[in-house]
Amino acid sequence: MFLPPSQCGQGQSALIEKARRQRDERQGERRRELSALRIQAWYRGQLARIRLRCQLRDEFRASLSAAAPAGGGSISAEELLSAAAKLLYRFDPIRDLADFELLARRLVSSSEATASRAAYPALLLKKARAAACAAQLSKLIAAISACLAALQPDTNAGHLRTASVCLSALLALSTPERWGFLSALSNREAYLSGLRPLLARAFSGPSGASALLASIGRFLWLGLARQKSLLSPLLLGALLTASLRAADLGGWTAGLIDDFLRHLLSVPGLVAHAAAAGEAALPGLLEADAAGRLVDRLAESDARPLCSEQSPLDAGRLLCTLANLVQLAQLDLRVLADRLPAFCLAASALLRRLRQLVSNGRAASSTSWHPVLGWFSHPCDPGLQESMPTVAKQLQLLCGAKMVRLLFADLLGYEVFTLRFHDELASGGSGSGGGSSGSSGISIKRPTFRLLKGSSSSASKTSDLPRRLWRLVQSSGSAADWSSVANAAAKTASQNNHWEDSSASPLHLLTLFCESSAALLTVLDDVELFEQERCLQLTELASLAAFLNRFVYSHVCAVGPDAANAGPAFQAALRLLAVLHTKDTRHPFCPPAVWLVPGLKPHAFLADLERERPAAQFLLRACPHVLPLRERIGLFRRLVRSDKNALGLLALETPPSTLIVVRRSQLVEDGYRQLAALPVAKLKGTVRVRFVNDLGLDEAGIDQDGVFKEFLEEILRRVLDPSLNLFKATEDQRLYPSPTSCVQENHLLLFEFVGRLLGKAVYEGIVVDVAFATFFLTQMLDRQRSSFYSFVDELASLDAMLYKNLTFIKHYEGDLSELELTFSYDEDVMGQVVTHDLVPGGRFVALTNENRYYGGFHSGHRVIQWLWEVLERDFSPAERALFLKFVTSCSRPPLLGFAHLQPPLSIRCVEVAEDQDTGDTLGTVLKGFFRIRSGRDAQRLPTSSTCFNLLKLPNYAKKATLRDKLRYAISSHSGFELS
């Protein structure tokens, strides 16, 4: 029987599909069988390897335990080579840690053996075993690196001992000078030179020096990135020595130096802890010329990725790198003496990258606080937070007197500085571009200024430097001359589409002077600035203000605000001009005409404003004082009139008005209810007022602005009355928002209402009798966000007596203990006295001459008495000079005696039973005051802060200890914060 063709086709397709499925099933079955075989083979192999591993571990333990010293046995180098191979088979740094510690101890003792048979390193000299020993040496280095990477010293104290053993083995194997069997050889030096290439090959490769530096850096971070170091001086020294040995055997290649920078120098406070460890850690860093190598590498152009957006270091680690580099350079003065330009390039590159990270990290979602860099949108490592005090002390070295003298040694030697336009600037200069004779010519006597950008705070530390710089700027040319140089530089930058950041530019001198002067002026109090004339004489300040005023005006008018703002010198000059104007506003020292620009025609300036010329608009915002006050008021009134005209308020003879009805007995309540929610457009229009008397009757009279003025004056008088507790008055009856205004219901809405009333008064040109405190006006103008804003200056406008008393204490030359003050202050808060501690436990700490900068010693303390006895009886004149240099950075006393030393010599108690105790807690102060010790003698060295003439002295238990530690510290010449 035959089927239809259609059914035949369907049957054939079904048959083919069935065959395909069967074929796929057979193939799948074969794959499953093959996979099963592979899994079984892998499992059998893995099981065999595990059994072999266990067998080898048992044999390893048996071979080493049989030769244990306790049993009287010994192990030969051949046996140790075999035992090590058994342990290194499928080595696991966690499971095999105890066995590897045993092996490491054997390797150390074997390296010290004098007999070649027992000396493991001697196998390198045996032809039959040299290759195997060299290969195993590479594996041992990789195993040590893996162990260090697996250790957790922050959670397991036993891992500190294990790390010490591993490092001892590493140093024993990599230091042929210490191999015992070589000491008996006559040609020892020849063997040493031949062994170095073998050791260098052992440290090469991905598991060699680079991996070891990463592991050591991780271990150091866990041990040091905290408030109190977990690492002993010996362990820290071993870690640093091992890292230096790895880099040295690796040839200090560019890659290894980058690894050293990335993994070790980014550890917070590494160099500070090394300095504190003294002989155990510091000499190795200095002898290896680590600072010089790191500085040279950072100064190279191909090393800039470490300081660019591709850098693997975040802001916190980059800051630690800079801090360690600065202190290391100060400890090794050869770097600052021989490589100062390279150091400046390296530090500048790090500072620029930090500035970029800070600006990029400050987003609206910033939720992490960095003690040095401020708010960040990126989280900060908690360990980094705890170690920031140490890092901050390291960074202070960049602002120390020693650094200032080194950075600006050439500049301080100038007596006359002549300004001449550079060839690259001459094309954009004025007619005198080639540099004419006389004072208008500007020329640099040396090819470059070796100045570190951003070092204005350092310059301000030397009080004489700003005065020298100003006289140098003055003698170089007038404001017009400097403006011509800036104009030429701006035009060149416009042509090149970027600002030429050349250290040879004379504008660097102006930048340095302006930034350092602004920083210094910000921190000086009125006595220092106006009476003692610490920065500049008052006449010099007045001439400086006139110079900057003309420079800023001329430069903006010549090149425009955009081009001017691109220049660092202009920005620094504008900031200093603002600081001077603020100082003069609060305490006049300039004639009024100084702030006006000679030749400026107000009507022409106003015409430029009407034409919306950018230069005029910028000058009005940045330095409005160049326009006389009367003209500024007239300009404001014209702007108000234009605004009214735009709103249609002047188009009609009788513009629409808003009528409010207020009861005299409920003036504030009725005014707030009707005006607080009034739209801005209607508030800008005419507001009519109808008063209702106490009888409930409308008062006679038609409001033609007179009634409204009366209403405005009366309601402001009532709402600003301190008895309402919305505002509070200073002693001179200046108003500011009351700190306890929150007790008022809807107090924030009331403040907004007061603002609307004051805005209406200003808008209508109504003069009201309201006197606000200066600090409050500063807050309203948002000037407190400026980097040169001084809270101390503003304190006088809040509490003049408090400011006067603090300044008095600062400069008091008598016995402060007679004043019976403490480190606290009392405040009357709604009838209740609240005490605020200025330092922890400050209410219990009496203010004395000795602790003016807060410490824990008093004049009768035995350590202080010992100190004077040591200086007088035990120290030679040369040692006393070293002591003075250690504390004050100068080996000679002040010309008129120590009474004229500024700041006064101070001594702070540092209770060092705990290594990181800074002496700033109540417990430390009490222990120091009552001579309570922790039961062990102090081992730290005395330290100093030369910027403040401050000696930080540990609370030693013995006079001999004090004498020896002090003598060592002053004789070490190792710089700031040696411990």
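This one's a predicted model, so the numbers in the text were calculated from it and none came from an experiment. (Residues numbered from 1 in each chain as written. Predicted model: local features only at pLDDT ≥ 70, side-chain atom pairs only at ≥ 80, totals over all residues. Heavy atoms only, no water.)

When you go through the protein residue by residue, the secondary structure sums to 41 helices and 11 strands. Across the 979 residues of the protein, 46% fall into the buried class. (Helix = DSSP H or I, 4+ residues; strand = E, 2+ residues; numbered from the N terminus. Buried < 20%, exposed > 50% of the residue type's maximum accessible area, 1.4 Å probe, protein only.)

In this section: the packing of helix α28 (residues 602–610) against helix α30 (residues 629–646). In the contact formed by α28 and α30, the axes pass within 11 Å of each other and the chain directions differ by 30 degrees. Here α30 runs roughly parallel to α28, going by the angle between their axes. In the packing of α28 onto α30, the handedness of the crossing is right-handed. Of α30, the residues touching α28 (which contributes Pro602, Leu606 and Leu609) are Glu631, Leu635 and Arg638. Of the residues contributing to the contact of α28 with α30, the split by class is four nonpolar, no polar and two charged. (Axes fitted to C-alpha atoms, helices over the stretch in contact; angles between N-to-C directions. Parallel < 35°, antiparallel > 145°, perpendicular 65-115°, else oblique. Left-handed = near helix turned anticlockwise from the far one by under 90°. Contact = heavy atoms within 4.5 Å. Nonpolar A, V, L, I, M, F, W, Y, C, P; charged D, E, K, R; others polar.)

As a further point, take the packing of aromatic side chains. The full count for this structure, using the stated rule, is 15 aromatic pairs. Relative to phenylalanine 547, the ring of tryptophan 470 has its centre 5.5 Å away and its plane inclined at 75 degrees; by these criteria the two rings are edge-to-face. You can see tryptophan 470 sitting in helix α21 (residues 464–476) and its partner phenylalanine 547 sitting in helix α25 (residues 538–559), a full 77 residues away along the chain. Summarising the burial analysis for this pair, tryptophan 470 and phenylalanine 547 share the class buried. (Phe/Tyr/Trp six-rings, centres within 6.5 Å; stacked < 30°, edge-to-face > 60°.)

For α28, the complete set of buried residues consists of Phe605, Leu606 and Leu609. The buried side chains of α28 occupy one side of the element, clustering within an arc of 100 degrees when seen end-on. Projecting away from the buried face of α28 at angles above 90 degrees are the exposed residues His603 and Glu610. Those residues of α28 that are buried are in contact with α29 (614–622) and α30. (Arc of directions from axis to C-beta.)

Let us look at a positive patch on the surface. Taken together, the side chains of Arg23, Arg26, Arg30 and Arg31 present a region of like positive charge at the surface. You can see arginine 31 is positioned in helix α1 (residues 5–66). (Patch = residues over 30% accessible without salt bridge, like charges linked within 9 Å, V, L, I, M, F, W, Y side chains within 5 Å. Areas by Shrake-Rupley, 256 points an atom, 1.4 Å probe, with all protein chains shown as cover. Salt bridge = Lys/Arg side-chain N within 4 Å of Asp/Glu carboxyl O. Lys, Arg positive; Asp, Glu negative; His and termini not counted. Charge placed at Lys NZ, Arg CZ, Asp CG, Glu CD.)

This paragraph deals with the packing of helix α38 (residues 862–874) against helix α41 (residues 959–971). Axis separation between α38 and α41 bottoms out at 10 Å; the angle between their running directions is 60 degrees. Judged by the angle between their axes, α38 and α41 are oblique. Between α38 and α41 the crossing geometry is right-handed. Contacts from Val863, Trp866, Leu867, Glu869, Val870 and Asp874 of α38 reach α41 at Lys959, Leu962, Arg963, Leu966 and Arg967. Each residue belonging to the contact of α38 with α41 can be placed in one class, and the counts come to six nonpolar, no polar and five charged.

Attention now goes to the nonpolar core. Formed by 191 residues in total, the largest nonpolar core has its most connected members in Phe100, Leu220, Val552 and Leu580. For this core, the domains that each give at least three residues are domain 2 (75–207) and domain 3 (406–421 + 447–493 + 502–624). Not counting residues up to four positions away in its chain, the partners in contact with leucine 580 are Leu521, Leu541, Leu544, Ala545, Leu548, Phe589 and Trp595. By size, the runner-up hydrophobic cluster in this structure holds 33 residues, among which are Val662, Phe691, Ile766 and Phe776. (Core = buried A, V, L, I, M, F, W, Y, C linked by side-chain atoms within 4.5 Å. Domains from an automatic or database assignment.)

A few words on unusual backbone geometry. For aspartate 289, which is not glycine, the phi torsion reads 55 degrees and is therefore positive. Turning to its location among the elements, aspartate 289 is positioned in the loop between α11 (282–287) and α12 (290–299). Classification of aspartate 289 as buried rests on a relative accessible area of 18%. The phi torsion at glutamate 612 lies on the positive side, around 60 degrees, for a residue other than glycine.

All right, on to the environment of tyrosine 553 then. Within the element layout of this structure, tyrosine 553 appears in helix α25. Taking the relative accessible area as the measure of exposure, tyrosine 553 reaches 18% and is therefore buried. Separated by 70 residues in the primary sequence, tyrosine 553 and cysteine 623 have C-alpha atoms spaced 8.9 Å apart. Apart from residues lying up to four places away in sequence, tyrosine 553 is in contact with Val597, Leu600 and Leu619.

Note on placement: serine 494 falls in helix α22 (residues 479–496). We classify serine 494 as exposed; its relative accessible area is 53%. With 72 residues separating them in the primary sequence, serine 494 and alanine 566 have C-alpha atoms 9.6 Å apart.

The next subject is the environment of threonine 774. Along the chain, threonine 774 falls in helix α35 (residues 774–780). Threonine 774 gets classed as partly exposed once you look at its relative accessible area, which sits at 41%. Separated by 22 residues in the primary sequence, threonine 774 and alanine 796 place their C-alpha atoms 9.0 Å from one another. For threonine 774, the contacting residues outside a window of four places in its chain are Glu794 and Ser797.

With 81% of its residues at a pLDDT of 70 or more, the protein shows a mean pLDDT of 80. Low pLDDT, under 50, characterises residues 69–73; the stretch is placed with four contacts to residues that sit more than four places away or in other chains. Every residue in residues 912–937 scores below 50 in pLDDT, and together they form 63 contacts with partners more than four places removed in sequence or on other chains. (pLDDT = per-residue confidence, 0-100.)

This paragraph deals with a nonpolar patch on the surface. Together, Phe808, Leu819 and Leu821 make up an exposed nonpolar region whose accessible area comes to about 230 Å². Tracing the backbone shows leucine 819 in the loop between α37 (800–811) and β7 (824–829).

On to the pairing of strand β4 (residues 686–692), then. Most of β4 sits inside the fold, with five of its seven residues counted as buried. With seven bridges connecting them, strand β3 (residues 657–663) and β4 associate as parallel partners. Directly across from arginine 663, in β4, lies its bridge partner valine 692. (Pairing = 2+ DSSP bridges.)

The next subject is the side chain of serine 797. When you line up the elements, serine 797 lands in helix α36 (residues 791–798). Apart from the residues within four sequence positions on either side, serine 797 is in contact with Thr730, Ala773, Thr774 and Phe775.

For the structure on display, the rule yields 45 salt bridges. Among the salt bridges present, the one from glutamate 515 reaches arginine 575, with a minimum N-O distance of 3.3 Å. Of this pair, glutamate 515 sits in helix α23 (residues 507–523) while arginine 575 sits in helix α27 (residues 568–586); the two residues are 60 residues apart in sequence, bridging distant segments of the chain.

Let's shift gears to the side chain of lysine 644. As for its placement among the helices and strands, lysine 644 is situated in helix α30. Classification of lysine 644 as buried rests on a relative accessible area of 16%. What lysine 644 contacts, discounting residues up to four positions off in sequence, is Leu649, Leu650, Lys684, Tyr763 and Glu764.

Now for the state of the cysteines. By definition, a disulfide links the sulfur atoms of two cysteines through a covalent bond. The tally for this structure, following the rule as stated, stands at zero disulfides. Free cysteine: cysteine 557, not disulfide-bonded; nearest cysteine sulfur from cysteine 623 at 9.3 Å. (Disulfide = S-S within 2.5 Å.)

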